[in-house]
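As a plain string of letters, each chain reads:
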Amino acid sequence: MALLIKNGEIVTAEERYVADIWCEGETITRIEKDITPPSNAEVIDATGKYVFPGFIDPHTHIYLPFMGTYSKDDYATGTQAALIGGTTTIFDMCCPARSMEARSGFELWKAQAEGKAACDYSFHMGVTRFDPAAEAQLREIVAEGITSFKIFLAYKGAFGIDDSELFHTLRLASELGVVTAAHCENETLVSEMQAQLLKNGMTGTGAHHESRPPRVEASGVHHFTTFAELTGASVYIVHLSCKEALEEALRARRRGVNVRVETLIQYLLLDKSMAELPDFEGAKYVMSPPLRDKANQPILWDALRDGLINTVATDHAPFDFAGQKEMGREDFTKIPNGIPALEDRINLLYTYGVKTGRLDLSTFVKVASTNAAKIFNLYPRKGAIQPGSDADLVIYDPNYRGRISATNHVMNVDYSAFEGWEISGRPSVVTVRGEVAVRDGKFVGKPGRGQLLRRVTKR
Ligand code: URP
Ligand code: ZN
Ligand code: ZN
């Protein structure tokens, strides 16, 4: 069926204007004033609402075997939560164990998503080991449409690679025109500082951020961007949390390194005091890099506004408080790292970014959609409202008022790090490739309709 969205205020990375959007099949085909609805079209009245391109979360962990457990969502719950929150495309991190072949890891992640995902998706292909066999398989995986790698300069013994592997991964990425995303920390410093803190009896949740201070992250960024500089690779720093790390990234950019930066909604709004909450409540706020001193937040907001930080993601990594976070009651190093946010990213960014005047609407669209589409080879199929783009649209009601709560969220996790936070706005209708997937906060789409997106590099 055709779809007509009437009278909404279309907001893209470049423009704002009122017009109608006509979608045929999966695609936007016309954008004009006053399109007359034919009888065979579903018509959505968007008067008084914004129409945004479907939002893109460039960093999620729907399926993640990690720290002796598994993240709680699957591709059904995770993508339905994403859609309710206005996110129509996700990039999940494919993170094979070091002992696993890259090909087996890729097939495993694909099998998790197929038949379950309700929104479109791609993967960043985790390079957790680099040897001739991995190289051959990575070349095939890139040719199959996965045009980004992910590496970890942390999690010693799990996903982390050594410097020689890093060098060869970036050389391959540079040859293939693939962007490499990295978790930047110095893993030796982390493990030495963890051991020291535990030895001194510091076992509680507040020790987590003591073990990973800003310099640990800045050191990782410096290390990664140095390797990028010497290999000519294009790189992307995931979950940047603080001033010191940002300064290193910007220094590299000034030297000519092609480095893009992601921050998270968690770092913009939450701070390290939350990880210090008593009665082990702080465990809900344990993630890596850790939540930082509040003084970092205006620096991150300003960098977003000024285009120095390119994207806002969630790093969605849902672990229940009961039974999972609790694994670290006696030892903070055993708390599964991660904070869920996939369902709430857009409403929080709109409420605390746009409504407060920190971001204008076009910057909001850039950092939550268009920039990720451009960096990761999906633009203008995604991240745009143009004839020819996928009809992924978010009809957004700026007059909605509500509060976030784990009692009614769709993410399959037993707490919200944003419990009780007010939101001023939410998607009233969300479409994916021309079909309505969400109405008034309820998923009405089809599980399994989401597609693995085939991406091609610009070369
Ligand atoms: O604490 C985090 N960030 N957990 C998810 C894994 C990662 O490092 O991205
Ligand atoms: Zn990470
Ligand atoms: Zn992550």
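Here, every reference points to the structure presented above.
Residues numbered from 1 in each chain as written. Chains lettered and ligands numbered in written order. Predicted model: local features only at pLDDT ≥ 70, side-chain atom pairs only at ≥ 80, totals over all residues. Heavy atoms only, no water.

Colleague: Is there a simple way to explain the coordination of the zinc ion (ligand 2) in this structure?
Modeller: Surrounding the zinc ion (ligand 2) are the protein donor atoms His 183 (ND1) and His 239 (NE2), at 2.0 to 2.1 Å. The distance between the zinc ion (ligand 2) and the zinc ion (ligand 3) comes to 3.7 Å. One end of the pair, His 183, is in strand β12 (residues 179–183); the other, His 239, is in the loop between β13 (235–237) and α8 (243–254), with 56 residues separating them in the sequence. For the pair His 183 and His 239, one class covers both residues: buried. (Donors = N, O, S within 2.8 Å, 3.2 Å for Na, K, Ca; no water. Helix = DSSP H or I, 4+ residues; strand = E, 2+ residues; numbered from the N terminus. Buried < 20%, exposed > 50% of the residue type's maximum accessible area, 1.4 Å probe, protein only.)

Colleague: For this particular structure, what's the right way to read the site of ligand 1?
Modeller: Taken together, His 59, His 61, Tyr 155, His 183, His 239, Met 287, Ser 288, Asp 315, Ala 317, Asn 337 and Gly 338 make up all the residues around ligand 1. Here an oxygen atom of ligand 1 and a side-chain polar atom of Tyr 155 are 2.6 Å apart. Among the residues making up the shell around ligand 1, the classes are represented as 3 nonpolar, 7 polar and 1 charged. (Near = heavy atom within 4 Å. Polar contact = N/O pair within 3.5 Å; in protein donor to acceptor, adjacent residues only side chain to side chain. Nonpolar A, V, L, I, M, F, W, Y, C, P; charged D, E, K, R; others polar.)

Colleague: Sorry if this is basic, but what is going on with the nonpolar core here?
Modeller: Across soluble globular proteins, nonpolar side chains show a tendency to be buried alongside one another. Residues Phe 52, Phe 224, Leu 349 and Phe 364 are the most contacted members of the largest nonpolar core, which totals 132 residues. Ranked by residue count, the leading element in this core is helix α12 (residues 361–375), at 8 residues. In this structure Phe 52 touches Val 11, Leu 361, Phe 364, Val 365, Ile 385, Asp 392, Leu 393, Val 394 and Tyr 396, once residues within four positions along its chain are discounted. (Core = buried A, V, L, I, M, F, W, Y, C linked by side-chain atoms within 4.5 Å. Contact = heavy atoms within 4.5 Å.)

Colleague: Can you help me understand the coordination of the zinc ion (ligand 3) in this one?
Modeller: Protein coordination at the zinc ion (ligand 3) comes from His 59 (NE2), His 61 (NE2) and Asp 315 (OD), with a distance range of 1.9 to 2.1 Å. Taken together, the 4 donor atoms coordinating the zinc ion (ligand 3) and their angles of 85 to 140 degrees define a geometry best described as irregular. All donors of the zinc ion (ligand 3) come from a single chain, and their spacing in sequence reads H-x1-H-x253-D. (Tetrahedral: all angles 85-135°; square planar, octahedral: opposite > 155°, others 65-115°.)

Colleague: Help me understand the sheet that holds β13 in this model?
Modeller: Backbone hydrogen bonds are what pair the strands of a sheet, in a parallel or an antiparallel way. Pairing is parallel in the open sheet, where 8 strands are placed in the order β6-β9-β10-β11-β12-β13-β14-β15. On the outer flanks of this sheet lie β6 (55–60) and β15 (311–313), each paired with one strand and no other. Neighbour-to-neighbour, the strand axes of the sheet open up by a mean angle of 30 degrees, direction not taken into account. Bridge analysis of strand β14 (residues 259–264) against β15 gives 3 bridges, and the strand direction is parallel. Within β15, the residue paired with Glu 262 across the bridge is Thr 311. Packing of helix α4 (residues 163–176) onto the sheet brings it into contact with β11 (148–152), β12 and β13, and relative to β11 it is tilted by some 165 degrees. The strands that α12 touches are β6, β12, β13, β14 and β15; relative to β6, the one it contacts most, it runs at about 70 degrees. (Pairing = 2+ DSSP bridges. Axes fitted to C-alpha atoms, helices over the stretch in contact; angles between N-to-C directions.)

Colleague: Explain the packing of helix α3 (residues 132–143) against α4 here, please?
Modeller: Packed helices, taken two at a time, are described by their axes: the angle between them and the distance between them. Two numbers describe how α3 lies on α4: the axes approach to 12 Å, and their chain directions differ by 35 degrees. Two packed elements cross with a definite hand, and for α3 against α4 that hand is right-handed. Here Glu 135, Leu 138, Arg 139 and Val 142 of α3 come into contact with α4, specifically with Leu 172, Glu 175 and Leu 176. The residue makeup of the contact of α3 with α4, split by class, is 4 nonpolar, no polar and 3 charged. (Left-handed = near helix turned anticlockwise from the far one by under 90°.)

Colleague: Would you mind showing me how to read helix α10 (residues 296–305) here?
Modeller: The α-helix winds at 3.6 residues per turn, so residues separated by three or four positions along the chain end up facing the same way. All of the buried residues along α10 are Asn 296, Gln 297, Leu 300, Trp 301, Ala 303 and Leu 304. One face of α10 carries all of its buried residues, which in axial projection span an arc of 165 degrees. At its buried positions, α10 is contacted by α8, β14, α9 (265–269), β15, α11 (345–354) and α12. Gly 307, located one to two residues past α10, shows a positive phi value of around 80 degrees. (Arc of directions from axis to C-beta.)

Colleague: Would you mind showing me how to read the pattern of salt bridges here?
Modeller: Any two side chains of opposite charge can pair, given that their charged atoms come close. Per the stated rule, a full pass over the model turns up 35 salt bridges. Across the pair Glu 107 and Arg 103 runs a salt bridge whose closest N-O atoms are separated by 2.7 Å. Of this pair, Glu 107 and Arg 103 both sit in helix α2 (residues 102–113), 4 residues apart, roughly one helical turn. Across the pair Asp 302 and Arg 305 runs a salt bridge, and its minimum N-O distance is 3.5 Å. A residue pair is termed a helical-turn pair when its members lie 3 or 4 positions apart in one helix, as Asp 302 and Arg 305 do in helix α10 at 3 residues. Its relative accessible area of 44% is what places Arg 305 among the partly exposed residues. In this structure, a network of salt bridges that share partners links the residues Glu 26, Asp 120, Arg 381, Lys 382, Asp 390, Asp 392, Arg 433, Glu 435, Lys 446 and Arg 449. (Salt bridge = Lys/Arg side-chain N within 4 Å of Asp/Glu carboxyl O.)

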